[in-house]
Amino acid sequence: MFSDTLLEALRTAQKVVVFTGAGVSAESQIATFRDALVGLWANFNPEKLATLRGYKQDPALVWGWYEWRRMQVLLAQPNPAHLAIAQMTMRYPALTLITQNVDDLHERAGSTSVIHLHGSLHRPHCLACRRPHALPSGIPDEPEGGRRLAPPRCLHCGGPIRPGVVWFGENLPKAEWRAANKAAKDCDLFFSIGTSSLVHPVATLALEAAKHRACIVQINTQPTELDRVAHYNLVGKAGEILPALCREAFGLDVCAENETQ
Ligand code: BV8
Ligand code: ZN
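The rules we used
- Within every chain, residues take consecutive numbers counted from 1 along the sequence as written.
- As they are written, the chains are lettered A onward and the ligands numbered 1 onward, keeping that order.
- Given that this is a predicted model, residues contribute local features only at a pLDDT of at least 70 and side-chain atom pairs are listed and counted only at 80 or more, while totals for whole chains, interfaces and linings are drawn from all residues.
- With hydrogens and water stripped out, all remaining heavy atoms of the structure feed into the side-chain values.
- Put simply, DSSP marks the helices as runs of H or I at least four residues long and the strands as runs of E at least two long, and each gets a number from the N terminus on.
- We compute the radius of gyration from the C-alpha atoms alone; for a globule the expected value is 2.2 Å times N to the 0.38, where N is the number of residues.
- For the exposure calls, accessible area comes from a 1.4 Å probe over protein chains only, and a residue counts as buried if that area is under 20% of its type's maximum, exposed if over 50%, partly exposed in between.
- Throughout, a residue-residue contact means that at least one pair of heavy atoms, one from each residue, lies within 4.5 Å.
- To be clear on the numbers: accessible area is Shrake-Rupley with a 1.4 Å probe, and residue cover counts the displayed protein chains and nothing else.
- Distances define the donors: N, O and S atoms within 2.8 Å of the metal qualify, as do those within 3.2 Å of Na, K or Ca. Water is excluded, so some sites may look unfinished.
- Geometry assignment treats four donors as tetrahedral when all angles are between 85 and 135 degrees, treats four as square planar and six as octahedral when opposite donors are over 155 degrees apart and all others between 65 and 115, and treats everything else as irregular.
- Side-chain atoms within 4.5 Å link the members of a nonpolar core, which is a set of buried Ala, Val, Leu, Ile, Met, Phe, Trp, Tyr and Cys residues.
- What counts as a salt bridge is simple: a side-chain nitrogen of Lys or Arg found within 4 Å of a carboxyl oxygen of Asp or Glu.
- In short, DSSP must find at least two bridges between two strands for them to pair.
- The convention used is that axes are lines fitted to C-alpha atoms, helices contributing only their stretch in contact, and that angles between N-to-C directions extend from 0 to 180 degrees.
- Orientation categories follow fixed angle ranges, with anything under 35 degrees roughly parallel, anything over 145 roughly antiparallel, 65 to 115 roughly perpendicular, and all other angles oblique.
- In a left-handed crossing the near helix is turned counterclockwise from the far helix by less than a right angle, and in a right-handed crossing that turn is clockwise.
- Gly is placed with the polar residues, together with every amino acid not listed as nonpolar (Ala, Val, Leu, Ile, Met, Phe, Trp, Tyr, Cys and Pro) or charged (Asp, Glu, Lys and Arg).

Novice: An account of the overall build of the protein chain is needed here, citing residue identities and associated values.
Specialist: Across its full length, the protein chain holds 10 helices and 8 strands. For 261 residues, the compact-globule formula gives about 18 Å, and the C-alpha radius of gyration of the protein chain, at 19 Å, lands near that figure. Judged by the C-alpha coordinates and their principal axes, the protein chain covers about 60 × 35 × 35 Å. Taken across its 261 residues, the protein chain has 53% of its residues classed as buried. Partitioning the contacts of the protein chain with sequence separation of at least 6, the portion at a separation of at least 24 is 72%. Surface exposure of the protein chain reaches about 12400 Å², of which carbon and sulfur atoms provide 52%.

Here is the structure:
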């Protein structure tokens, strides 16, 4: 199914970066970023809703969207793509996993030290004093299509709580961004999985890796900006391609291996 040169590149790689976007969680039934606008938010532009301005204009509309998305994540399970990536971490001791996703499915699949460049749904904080806010345990019970929901108040200063994600127009977390760039420059194999490669500056990571002569392997269901740069464009579902790639390259049966964990 895969070329000998690709399998050889996987078997000889020393320093590997895996960079993921919303497409890696699609087979866990988490709507990709551009598909997450259903129900109440169907007519909104994500690039307007996922902004500080959007939140300030209508905190209940935005907080309700994130609570609905957090519920989707808590109800979801990691899929074979997440499991395969967790297995790859065993194969490549120097593997760096970088994600744009705000879910915790990589961690729940067994990946450790995941670099979240766009934050997390599970770490809200106070808009005013920036203190972390502890969400109630359990799964929010949001109606299908969601609802407007007034954000909780900070227990320390009474300020409004905001999602712990990086919105458009906001800077990325410095330490994570520095670590991601260093890994991209140092790696000899860079996987770009399930991302439209449209959002900046994270979309520059693959270009940085290519500039430093890494082998770029893209796995995506649609053509992207990265097609012209990638050495290998594997078109299809990450949850099917990644386990097959691990099987052919390393004789690894991803799902069985994860069951023994
Ligand atoms: C910044 C968290 C410096 C929130 C996200 C004007 C003003 C300010 C900034 C800008 C501007 N113009 C441009 C910018 C830069 C802007 C940007 O890039 N805009 C884009 C839209 C052009 N970037 C920023 O603002 C960044 N910050 O630049 O700071 C600065 C500061 C101040 C002023 C100026 C500059 C911050 C960007 C972070 C935004 N936050 N997420 C939330 O989640 O609600 S981004 C959001 O998009 C998600 O993180 C998502 O992951 C990410 C990227 O999308 P993808 O992951 O690629 O998902 P997408 O749906 O697009 O694609 C999924 C792909 O998977 C598809 O291609 C599909 O084919 C494929 N797929 C589907 N199923 C499968 C599959 N593949 C494989 N298998 C499957 N089964
Ligand atoms: Zn506060």
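Now that the structure is up, let's keep going.
Novice: Quick one: what's the story with the side chain of S25, residue by residue and with numbers?
Specialist: By the secondary structure assignment, S25 is in the loop between strand 1 (16–20) and helix 2 (46–49). In this structure S25 comes out as buried when scored by relative accessible area, which is 1%. Among all residues touching S25, those that are not within four sequence positions of it are I30, N79, H82, N101, D103 and L105.

Novice: Run through the coordination of the zinc ion (ligand 2), naming residues and quoting values.
Specialist: Binding of the zinc ion (ligand 2) to the protein goes through C126 (SG), C129 (SG), C154 (SG) and C157 (SG), at separations of 2.2 to 2.3 Å. Around the zinc ion (ligand 2) sit 4 donor atoms; with metal-centred angles ranging over 101 to 120°, the donor geometry is tetrahedral. Counting along the primary sequence, the residues that act as donors to the zinc ion (ligand 2) give the motif C-x2-C-x24-C-x2-C. For C129, a relative accessible area of 26% translates into the label partly exposed.

Novice: How would you sum up the nonpolar core? Please name residues and give values.
Specialist: Core analysis: the biggest nonpolar cluster contains 38 residues, and L10, V18, Y92, L189, F191 and I193 have the highest contact counts within it. Listed by contribution, the elements that provide at least two residues to this core are helix 1 (4–12), strand 1, helix 5 (80–91), strand 2 (95–99), strand 6 (189–193), strand 7 (215–220), strand 8 (232–235) and helix 9 (238–250). The leading source of residues in this core is helix 9, at 8 residues. Apart from residues no more than four positions distant in its own chain, L10 is found in contact with Y92, L189, F191, L245, A249 and F250. Within the second largest apolar cluster, 22 residues are counted, among which are L205, A209, A214 and I216.

Novice: Outline the pattern of salt bridges, listing residues and values.
Specialist: Applying the stated rule across the entire model yields 7 salt bridges. Across the pair E142 and R147 runs a salt bridge, and its minimum N-O distance is 2.8 Å. With a relative accessible area of 35%, R147 lands in the partly exposed category. Close ionic contact of D186 with K182 constitutes a salt bridge, the shortest N to O distance being 2.8 Å.

Novice: Give me the lowdown on the pairing of strand 8, citing residues and values where you can.
Specialist: Here strand 8 shows a buried face lined by Y232 and L234 and an unburied face lined by N233 and V235. Sheet topology places strand 7 next to strand 8; 4 bridges connect them, and they run parallel. Bridge pairing in strand 8 places Q218 opposite N233.

Novice: I'd love a proper account of the sheet that holds strand 8, names of residues and values included.
Specialist: Taking strand neighbours across the sheet as the criterion, the 6 strands line up as 3-2-1-6-7-8 in an open arrangement whose pairing is parallel. Whereas interior strands pair on both sides, the edge strands pair on one side only; in this sheet they are strand 3 (114–116) and strand 8. Each strand of the sheet is rotated relative to its neighbour by a mean of 15°, with strand direction disregarded. Relative to strand 2, strand 1 is paired through 5 bridges, and the arrangement is parallel. Counted as the bridge partner of V18 is L97 from strand 2.

Novice: How would you explain the pairing of strand 2 if you had to name every residue and give the values?
Specialist: Where burial is concerned, most of strand 2 is hidden: 4 out of the 5 residues are buried. Pairing analysis gives 3 bridges linking strand 2 to strand 3, with the strands arranged parallel. Residue pairing for strand 3: T99 is matched across the bridge by H116.

Novice: An account of the packing of helix 5 against helix 9 is needed here, citing residue identities and associated values.
Specialist: Interaxial distance between helix 5 and helix 9 falls to 7 Å at its minimum, and their mutual angle equals 30°. It follows from the interaxial angle that helix 5 and helix 9 lie roughly parallel. Note on packing geometry: the crossing formed by helix 5 with helix 9 is left-handed. Residues P80, A81, A84, I85, M88 and R91 of helix 5 lie in contact with helix 9, whose contacting residues are A238, G239, L242, P243, C246 and F250. When its residues are assigned to classes, the contact of helix 5 with helix 9 shows 10 nonpolar, 1 polar and 1 charged.

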